[in-house]
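# Coordinates in review
The primary structure of each chain is shown beneath.
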Amino acid sequence: MNGRNVRRSFPALVAAGLLWACGDGAGGGAPGDGAPEPAGDPVSGGAAVICAQGQPETLNPFVSPDQLSLDLAPLLFTPLVRVSPAYEIEPALAEAWSWEDDATRLVLRLRHDVTWHDGAPVTAEDVAFTLRTAADPDYGSFLAPDLETLAGAEAIDPVTVEVRFGEPFRAGLEPLAGLPVLPAGRLAGLGPEEFARAEYHREPVGSGPYRIASRGADGRLVFERAPDYPADLGPARLDRVLFRAIPEEATMAAELRSGGADACITGSAAAATIAGTRGVELEPLSPPSLFVVPLDTRVPALADPRVRRALSAALVREEIAAVISPLARPATRPLPPGSPWHDPAAAQPDADPALAARLFAEAGWTRDGADGPLRDAEGRPFRLTVTAPGAFETPLTAVQAQWRAAGVEAELRFMEWASYVQALMDPERRPEAMALSFVEDRVLRPDFSGTYASDSP
């Protein structure tokens, strides 16, 4: 795909909703026994029961960045830095840092009072080992693409790390905000296969505000407060956090009503359904998943930017969002509103059939009557094949109907995931258009071309 000409034509979808039991007599319990405080100053102590529809693949997002692993990671791991609500980099395990030699060398100064849950101090060697392992693609870290220019990471002393890059590292510290620092003493020396199979990932010894107390065969996880965690890094107010997997929406709603669960994380469709339950409040979580339809601009018809803009203007994103979920939101720009790089002026055309018709006509596509297909100068109809995983059938059917109203015939071709990926990797089978979704995992980086543009599959 020549993604520099990619145009998005799907709405953004809130990735998940957080459902709270309100404790108003309809369930959720009383303050102090696990329910969130309705008002006033936070109170320490007690326990909370958190549920989700699935189970985390592991508890270490380093090897399995599924959403639940990422959600639970802040309980177990202390990152080097954090991104604040104001989109600023804040110290965490690294209390200070400096960029030198035109941003090709980073010196991190670590806190001396953060310990692993077994009591051993977190050291510069742990950080250096984690960075080297994360940059090695053989170990499968989701951060490997961000750290591909890493040239080395060494411990200078127990609390100082020197990180070197082969070229100026323009991404800054933001990629490190999601990196779980791992104990070198437990994992160093393991090859990629041994590392991937290590029991550590199921029950990691971390350095965060909570440690694992127990893990049940049914997926239950009990976290207990780590007594030595530095309070200024964010006090852990609850004594215990119990995680439960509740696959069924009806059971989840019943548990929230009865007080069997204090809060649940679920997908947008389920969240919208359960949110109507008395005594349950919904808080949408960000970042959202973004649904996109990239176009292959090597296809002659799609090489014309007027055609791409017309395809966008022919869509009514409000309607597409509505068939996905009551929580889905239309998106006409690449970044969510919370991003500091969000530009309201950089919107794609939306729900403007007159503009779509004019742009198609300017590009040489005309219709016989209001309901006829678009045809080029040789009389060939405008046909487009959109390839997608089966989960996209409902929203893509809405897209197909809207494009048909504009004179475009879109054939929908659904594939199971492995076959879909193989098709994208094969230049001979690569589709004219495809559909996919992803969660934008960087909010500070201004250059998003790597996310939306690629000269490779």
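Rules of the game
All residue numbers here refer to positions counted from 1 along the written sequence of the relevant chain. Whole-chain, interface and lining totals are the exception, using all residues; otherwise, since this is a predicted model, local features are given only for residues with pLDDT of at least 70 and side-chain atom pairs are given and counted only at 80 or more. Computation of side-chain values: all heavy atoms of the structure, hydrogens and water removed. Here the axes come from fitting lines to C-alpha atoms, over the contacting stretch only for helices, and the angles between their N-to-C directions go from 0 to 180 degrees. To qualify as a helix, a DSSP run of H or I must reach at least 4 residues; to qualify as a strand, a run of E must reach at least 2; elements of each kind are numbered from the N terminus. Note on terminology: angles under 35 degrees are roughly parallel, angles over 145 are roughly antiparallel, angles of 65 to 115 are roughly perpendicular, and the others are oblique. For any helix crossing, the convention is left-handed if the near helix is rotated counterclockwise from the far helix by under a right angle, and right-handed if that rotation is clockwise. It only takes one pair of heavy atoms within 4.5 Å for two residues to be counted as in contact. All amino acids are sorted into three groups, where Ala, Val, Leu, Ile, Met, Phe, Trp, Tyr, Cys and Pro are nonpolar, Asp, Glu, Lys and Arg are charged, and the leftover types, Gly among them, are polar. When DSSP finds two or more bridges between a pair of strands, those strands are recorded as paired. Any residue under 20% of the maximum accessible area for its type is buried, any over 50% is exposed, and the rest in between are partly exposed; the area is computed with a 1.4 Å probe on protein chains only. Should a side-chain nitrogen of Lys or Arg be within 4 Å of a carboxyl oxygen of Asp or Glu, the pair is scored as a salt bridge.

Turning next to the packing of helix 8 (residues 317-324) against helix 10 (residues 393-405). Two elements in contact, helix 8 and helix 10, have axes whose closest approach is 8 Å; the angle formed by their N-to-C orientations is 155°. Compared by their axis directions, helix 8 and helix 10 come out roughly antiparallel. Crossing hand, helix 8 versus helix 10: right-handed. In this structure, helix 8 contributes Glu319, Ile320, Val323 and Ile324 to the contact, and helix 10 contributes Thr394, Pro395, Ala398, Val399 and Gln402. Counted by class, the contact of helix 8 with helix 10 contains six nonpolar, two polar and one charged residues.

Another point: the sheet that holds strand 18 (residues 383-389). Hydrogen bonds between backbone atoms are what pair the strands of a sheet, whose relative direction is either parallel or antiparallel. In space, the three strands of this open sheet follow the order 19-18-20, with parallel pairing throughout. The open sheet has two free edges, formed respectively by strand 19 (409-415) and strand 20 (433-434), since each of these has just one partner strand. Where helix 10 meets the sheet, it contacts strand 18 and strand 19, and its direction lies at approximately 165° from that of strand 19.

To continue, consider unusual backbone geometry. Even without being a glycine, Asp102 presents a positive backbone phi close to 55°. The topology assignment puts Asp102 in the loop between strand 6 (94-100) and strand 7 (105-110). Of the residues examined, Asp102 reaches a relative accessible area of 52% and is grouped as exposed. A positive phi angle, near 50°, is found at Ala351, a position not held by glycine. Overall, the relative accessible area of 42% leaves Ala351 in the partly exposed class.

Here the focus is the pairing of strand 11 (residues 221-225). As judged from the five bridges shared by strand 10 (residues 210-215) and strand 11, these two strands associate in the antiparallel manner. Looking at the pairing, Arg211 lines up with Glu224 of strand 11. Hairpin connection of strand 10 to strand 11: five residues between the antiparallel strands, including Gly219 at a positive phi of 95°. When strand 11 meets strand 12 (residues 240-245), the two strands line up antiparallel, connected through four bridges. Across the sheet, Leu221 pairs through a bridge with Phe243, a residue of strand 12.

Here we take up the pattern of salt bridges. Scanning all chains against the criterion turns up 24 salt bridges. Ionic pairing is found between Asp157 and Arg109, a salt bridge with its closest N-O pair at 3.7 Å. One end of the pair, Asp157, is in strand 8 (residues 150-157); the other, Arg109, is in strand 7, with 48 residues separating them in the sequence. Given a relative accessible area of 30%, Asp157 falls into the partly exposed group. Accessibility expressed as a relative area gives 38% for Arg109, which makes it partly exposed. Here Arg132 ties to Glu125 by a salt bridge, and the two come within 3.2 Å at their closest N and O atoms. Since its relative accessible area comes to 32%, Arg132 is described here as partly exposed. A cluster of three or more residues bridged by salt bridges with shared partners is formed by Glu100, Asp101, Arg105, Glu162 and Arg164.

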